Each structure stands twice: as C-alpha cells, then as structure tokens.
Amino acid sequence: MFSRERIRELLLYPGRDVLSLYLDVDPTRPENARANPAYRVWAKTALRDLVRSFEEILPREEIKGLEARIEQLTERVEVLRPNGRTYVLFQGPDWEEECSCQARLRENFVHYGGPAVVPLLWLLEEYARAGIVLVDHYQARFLTVQLGLTESVEEEFLYIDTSEFPEYDVRSTPILEAHGARVVKGSFSDVFDRRVDAHVERFWRDVAERLEKFVAHEDPVFVLLGGEDRARSFVLDVLHPKTREKILVEGLGIGVGAPERDVLLAAKPVLERAERGHECRLVEQALEQLHKNGRADAGRENVLNAVRLGRAHTVLAAWPITGNIRACPTCGTYFDKELAELSTCPYCGTALIERSFATSLLREAYLHDTEVELVTGRAAERLAPYGGVAAMLRYA
C-alpha cells in the first residue's frame, strides 16, 4: 500500500532510472486463467521492447544495467502469484516497492525514467478510502476499503454484553379472582424482553459513537451502513448531522459475519454509484462558482498555475488526463500554448519546455496539498468545454 507521503516522495524522486510496471493480473479474466497468462506474455514483450527503445538514447553502461534489471523483473513476473486484480511495481537501481490490489487497471503499462505515478493515483482516487459498517442486534463490524482491499480497523467487531442480562423465571404470573377464574396478568418474559431491548439500544448507541470516531479518524469518502433494518435506522437517527452526510444506507443482503470478499462484492456497486453522484455534484458546484463569484477557475493553464501558487483547494479533472503543457523552468509558470505561439516565458525570457500535463498537475497538487478528484462519465462531459479541468479556489 502506498501512502500519500510515499507518493509525494516518488513525485519528488530526482532520478530518471526507475522502472514502473502496472499489470492487469485479474484471475477472473479468461486470458489470465491460462497456463501462460496474458499479463505474463504482455510483460515479456513490453519489457523487451522498452530496452530496445532506449538503445540509441542511453549510454552503453546504463543499457547493460537496464537489461540486467529487465531480466530480473521478467523472472519475477514468471513466478508471480497474484493476490488481487492489479500488480504495481516501482524499481530503482537499489530499491523497489510493490503493491497488489483489487482495483481493476484500465490497461497494462511500463515506463522507464521518473516514477510513473499517474496510474497509481487513478487507482487511489477511484478506490478511495471508504467505510463499511454492518450492524445487527448483537454485533457490529467496522471495515475500511482502499484499493479494493478490505482492511480491518482497530475494533473490527463490537458485541453486545449479554452477561448483563438479568435472569428471570419466564413463567406467567397467575392471579385468581373472586369467581375462581385463572387470569394471566403479564409475565416476567415481557420484563425480560424490555430489558433486552434497552441493552440492544444502548449497544446501538455505542455503535453510533464508535462510528463517529471511525469517521473522524479514518476520514472516509463515504460510509456504507448495512445490516438489519431496525439497527441501521436507530444508528442513523442518533448520528451527528455532519457524520450523517457521509452515510449510505443499504441493506446489502449480507450478514455481519460474512466473508470479506462477499462484503466487498456487495458494497462495490453501491460505492461506485455514490462516487459518480459525488463527482457530478462537485463539478456542478465548481461551474456555478466559476460563473457566479470567482471562487473557481477552469482551463489547463489557469488551473495548473492556481495549484502552483497554492490558491486551489480541489482540482476536478476528467479522466484520462492527456496532452502536454509548456512550462518555464525558471519561474515555474505554465502556458497552454503551442511552440509556434510562445517559445519563451513572457515574464523572465527563459525558453519553455514541454511536460506531461497529467504529471505536472498531480505533482503540483501533491506538493501544495490540493485535493484531486478524477471524474468520469457525465461529470467529465461537463468539463470538456473547459479543457477537462476545473478548480475550486481557497480565495477569489
């Protein structure tokens, strides 16, 4: 798992000697279920072609080192036993980091140079941290989901303490009246049921309190609240309104003790629908502010410079992010113009260089603590007239 801090380090890595490999190793795909899976065939060919592409560019000694690393990496892919849908590897000359996850990769990818972090950021964004809470009359389960993996938090299960339940003789209490008739005036079983209900409701309040702490500590994008109807309804009613804004209430049709894989499969479509709706609301909010009060900006040049100057708190970018941007290596200003239109920086006269827009945007965002929301579908279509990117600003 790659933390935000580690991603920042990769973005700032000064060397151009990192092998980045992304493989779709999804075992449910027929092409990956063969004795010689498709990802292995692709990796061998792509790694071999990568070396050839640099033979006329890099010094001979560096090519030899790259060939040796490619050979080692090919052998690793040969014996790779996937435990997820996507395999990610960053390999430097004397270090490496890898990660397997359940998030589905859009396409295989290999790169040599600076760490290719953009595909990883998409996986992190699309499968951002979310919470799943399942509750019934006797237990509650708290889980977090990131990169498709279901992770237990510190107190995964809470249980009601049945030892506090009093013991009663549940036989009815007869009362004889004047005519000798035997009349039942209630029973201790009714008292017992009421006491149990009181304990259950106290337990649900404990669950709600734990959920408040869960949201504060884990900071999930959403929390999917599942389980028994009555339990979900009670917990939702006693939550703080701010916490309630993040809650998705769904039955899911699975028990609290279901296997993690079943929990994830049931939760994934619900979380994805919520994410698409969240993206649309953010884009509409940004475009409204853009035309109303200046607390938003749009367009590749405007947004990238706003991020660079620390003015943007959230960037909305249509995925996939494509194309290049021109940048001044001296003052850092970005320009979205062709070389024929602008070859030198109008502020300092330095010759402009061309950079990947995606890498520049995500790098500046991570360096200036700007949130990046990668959007697809309807939200991406709304951003198309603005170069596929907009930003909500900290100040106008």
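The structure displayed is predicted, hence computed values, not measured ones.

Reading the values: the criteria
Residues numbered from 1 in each chain as written. Predicted model: local features only at pLDDT ≥ 70, side-chain atom pairs only at ≥ 80, totals over all residues. Heavy atoms only, no water. Pairing = 2+ DSSP bridges. Helix = DSSP H or I, 4+ residues; strand = E, 2+ residues; numbered from the N terminus. Axes fitted to C-alpha atoms, helices over the stretch in contact; angles between N-to-C directions. Contact = heavy atoms within 4.5 Å. Parallel < 35°, antiparallel > 145°, perpendicular 65-115°, else oblique. Left-handed = near helix turned anticlockwise from the far one by under 90°. Buried < 20%, exposed > 50% of the residue type's maximum accessible area, 1.4 Å probe, protein only. Polar contact = N/O pair within 3.5 Å; in protein donor to acceptor, adjacent residues only side chain to side chain. Core = buried A, V, L, I, M, F, W, Y, C linked by side-chain atoms within 4.5 Å. Arc of directions from axis to C-beta. Phe/Tyr/Trp six-rings, centres within 6.5 Å; stacked < 30°, edge-to-face > 60°. Lys NZ or Arg CZ within 6 Å of the ring centre and 35° of its normal.

## A short note on the sheet that holds strand 18 (residues 389–393)
Next, step 1: If you walk across this open sheet you meet the four strands as 12-18-13-17, and the pairing is mixed. Two strands bound the open sheet, and with one partner strand each, they are strand 12 (296–298) and strand 17 (371–375). The sheet shows a mean angle of 20° between the axes of neighbouring strands, taken without regard to direction.
Next, step 2: As paired elements, strand 12 and strand 18 share three bridges and run antiparallel to each other. Bridge pairing in strand 18 links Ala 296 to Met 392.
Next, step 3: With respect to the sheet, helix 9 (residues 300–308) is in contact with strand 12, strand 13 (312–318) and strand 18, its orientation differing from that of strand 18 by roughly 40°.

## Structural notes on unusual backbone geometry
Next, step 1: Omega for the bond connecting Trp 319 with Pro 320 falls within 30 degrees of zero, at 5°, which places this linkage in the cis form.
Next, step 2: Looking at the element boundaries, Pro 320 is found in the loop between strand 13 and strand 14 (324–327).

## Description of the packing of helix 9 against helix 10 (residues 357–367)
Geometrically, a packed helix pair is captured by the angle between its two axes and the distance between the axes.
Next, step 1: Where helix 9 contacts helix 10, the axes come no closer than 8 Å and their chain directions differ by 30°. As judged from the angle between their axes, helix 9 and helix 10 are roughly parallel. The hand of the helix 9/helix 10 crossing is left-handed. Along the contact surface, helix 9 presents Arg 300, Val 303, Leu 304, Val 307 and Arg 308, while helix 10 presents Phe 357, Ser 360, Leu 361, Glu 364 and Ala 365.

## Quick look at the environment of Tyr 13
Next, step 1: Within the fold, Tyr 13 resides in the loop between helix 1 (4–12) and strand 1 (18–24).
Next, step 2: Owing to a relative accessible area of 25%, Tyr 13 belongs among the partly exposed residues under this scheme.
Next, step 3: Residues Tyr 13 and Pro 115, spaced 102 residues apart in sequence, show a C-alpha to C-alpha distance of 7.4 Å.
Next, step 4: When residues no more than four places from it in sequence are discounted, the contact partners of Tyr 13 are Val 18, Pro 93, Trp 95 and Pro 115.

## A word on the side chain of Thr 370
Next, step 1: Relative to the helices and strands, Thr 370 resides in the loop between helix 10 and strand 17.
Next, step 2: Exposure remark for Thr 370: the relative accessible area of 1% places this residue in the buried category.
Next, step 3: Polar side-chain contacts of Thr 370 include one of 3.0 Å to the backbone oxygen of Ala 312.
Next, step 4: Once you skip the residues sitting within four places of it in the chain, Thr 370 turns out to touch Arg 4, Val 307, Ala 312, His 313, Thr 314, Val 315, Ala 365 and Arg 394.

## Notes on the nonpolar core
Next, step 1: If you look at the biggest cluster of nonpolar residues, it comprises 42 residues, and the most contacted ones within it are Phe 2, Ile 7, Phe 90, Ile 321 and Leu 361.
Next, step 2: One finds Leu 19, Tyr 39, Ala 43 and Ile 70 within the second-largest nonpolar core, a separate group that totals 22 residues.

## With respect to helix 1
Next, step 1: Buried within helix 1 are the following residues: Arg 6, Ile 7, Leu 10 and Leu 11. The buried side chains of helix 1 occupy one side of the element, clustering within an arc of 145° when seen end-on.

## What to know about the packing of aromatic side chains
Aromatic ring pairs are described here by two measures, namely the spacing of the ring centres and the angle between the planes.
Next, step 1: Per the stated rule, a full pass over the model turns up seven aromatic pairs.
Next, step 2: Ring centres 5.4 Å apart and planes at 45° place the aromatic pair Trp 204 and Phe 234 in the tilted group. On the criterion of sequence distance, the pair formed by Trp 204 in helix 5 (residues 188–218) and Phe 234 in helix 6 (residues 229–238) is long-range, its members being 30 residues apart.
Next, step 3: Note on Phe 234: relative accessible area 15%, which makes it buried.
Next, step 4: Ring-pair connections join several aromatic residues into one group, and the members of that group are Tyr 22, Phe 90 and Phe 109.
Next, step 5: A cation over a ring is seen here: Arg 210 above Phe 142, with NZ or CZ 5.2 Å from the ring centre.
Next, step 6: The aromatic ring of Phe 357 is capped on one face by Arg 300, whose charged end is 4.4 Å from the ring centroid.

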